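Chain by chain, the residues:
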Amino acid sequence: MNLETVRIVEGKAKVLREDILKMLAEAGSGHTGGSLSSADIVACLYFWEMSIDPNNPHDENRDRFVLSKGHAAPVLYAALAEKGFFPREKLKTLRRLGSPLQGHPDMRKLPGVEASTGSLGQGISWAVGMALAGKIDKKDYRVYSLLGDGELQEGMVWEAFMAAAHYKLDNLTAFVDHNRLQIDGKITEVMSPEPVADKFRAFGWEVIIIDGHNVEEIMRALNKAREIKGRPTVIIAETVKGKGVSFMENRAEWHGTAPKKDDLEKALAELL
């Protein structure tokens, strides 16, 4: 990790945000806020951390990423296109009938998608299974998963967390996109999962808390996670919903609202 690498990844995060906004505006529907809030995390994973090959997407030794908050599919699609898993032109087909870029990721239709997610809570369970399989098969690959903080209201995520600690899955790193908002408002008012860090510690996880928009901090956290032995790691990323666009930031109404043409022009001008 050096300054040049950090700047490159920061540039990739900007590209992801631009593509997210453009594809959502083209589609006229989709999830904007949580896709933007997780762009820096996904950029670090796809353009610095993970060992993956777009020319060999089913390599059994590849690292795996599971987007547990599957409604944030635009950030995953943007990363896969930028990485070269499919032509960038396909981004314009988001949510169209017959497109492989559905509203939630479909592993049967798009290379690079490791799990079909959308029902909240199921993605982290997939990731635990993948990590356990890696241990059983004595593989060196690592598994990463991204959850929303509202997703922590689902009971099955805690069963998955308990299993991950029980089986000492130190090849598993989970991110929590802790932007504190969900479709119905503040997570603390809908059904509070707080204190998040204390809960993970009680379930036997290594806990790292970072600024989820600071690429250098994300990289340092990933470095530390690789060094942890005997237990899984969760990186709680303090983020801003709608990050990068002032009129979208910290606004719950942008959770599942796509930008219109005028919104898009204003948003892209801010990113530039």
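None of these values were measured; they are calculated from a predicted model.

Trainee: Explain the nonpolar core here, please?
Mentor: General note: in soluble globular proteins, nonpolar side chains tend to be found buried as a group. Counting residues in hydrophobic clusters, the biggest one holds 57 residues, and the most contacted among them are Leu-16, Leu-21, Leu-45, Tyr-46, Phe-65, Tyr-77 and Phe-86. Setting aside residues up to four positions removed in sequence, Leu-45 forms contacts with Met-50, Phe-65, Tyr-144, Phe-175 and Leu-222. In this structure, Ile-124, Ala-131, Leu-152 and Phe-200 belong to the second largest nonpolar core, which totals 28 residues.

Trainee: Explain the sheet that holds strand 7 (residues 233-238) here, please?
Mentor: Each strand in a sheet pairs with its neighbour through backbone hydrogen bonds, running either in the same direction (parallel) or in the opposite one (antiparallel). Ordered in space as 1-2-3-7-6, the five strands form an open sheet in which the pairing is parallel. The open sheet terminates on both sides in strands that have one partner only, identified here as strand 1 (64-67) and strand 6 (206-211). For this sheet, the mean inter-axis angle between neighbouring strands, taken without regard to orientation, is 20°. Relative to strand 7, strand 3 (residues 172-178) runs parallel, the two sharing six bridges. Paired with Val-176 across the two strands is Ile-236, which belongs to strand 7. Strands in contact with helix 3 (residues 39-49) are strand 1, strand 2 (143-148), strand 3 and strand 7; relative to strand 2, the strand with the most contacts, it is inclined by about 170°.

Trainee: What am I meant to see in helix 1 (residues 3-27) here?
Mentor: For the α-helix, the turn length of 3.6 residues means that residues three or four positions removed from each other point alike. The end-to-end C-alpha separation of helix 1 is 36 Å, in line with the 36 Å expected for 25 residues at 1.5 Å each. Among all positions in helix 1, only Val-6, Val-9, Ala-13, Leu-16, Arg-17, Glu-18, Asp-19, Ile-20, Leu-21, Met-23 and Leu-24 are buried. Among the structural elements, helix 2 (33-37), helix 3, helix 4 (73-83), helix 9 (215-227) and helix 10 (261-271) are those in contact with the buried residues of helix 1. Between the side-chain oxygen of the N-cap and the backbone nitrogen of Glu-4 there are 3.2 Å, and the N-cap of helix 1 in question is Asn-2. Looking one or two residues beyond helix 1, the residue adopting positive phi is Gly-28, at roughly 80°.

Rules of the game
- Residues numbered from 1 in each chain as written.
- Predicted model: local features only at pLDDT ≥ 70, side-chain atom pairs only at ≥ 80, totals over all residues.
- Heavy atoms only, no water.
- Core = buried A, V, L, I, M, F, W, Y, C linked by side-chain atoms within 4.5 Å.
- Buried < 20%, exposed > 50% of the residue type's maximum accessible area, 1.4 Å probe, protein only.
- Contact = heavy atoms within 4.5 Å.
- Pairing = 2+ DSSP bridges.
- Helix = DSSP H or I, 4+ residues; strand = E, 2+ residues; numbered from the N terminus.
- Axes fitted to C-alpha atoms, helices over the stretch in contact; angles between N-to-C directions.
- Expected span 1.5 Å × (residues − 1).
- Polar contact = N/O pair within 3.5 Å; in protein donor to acceptor, adjacent residues only side chain to side chain.

Read these as geometric descriptors, not functional statements.
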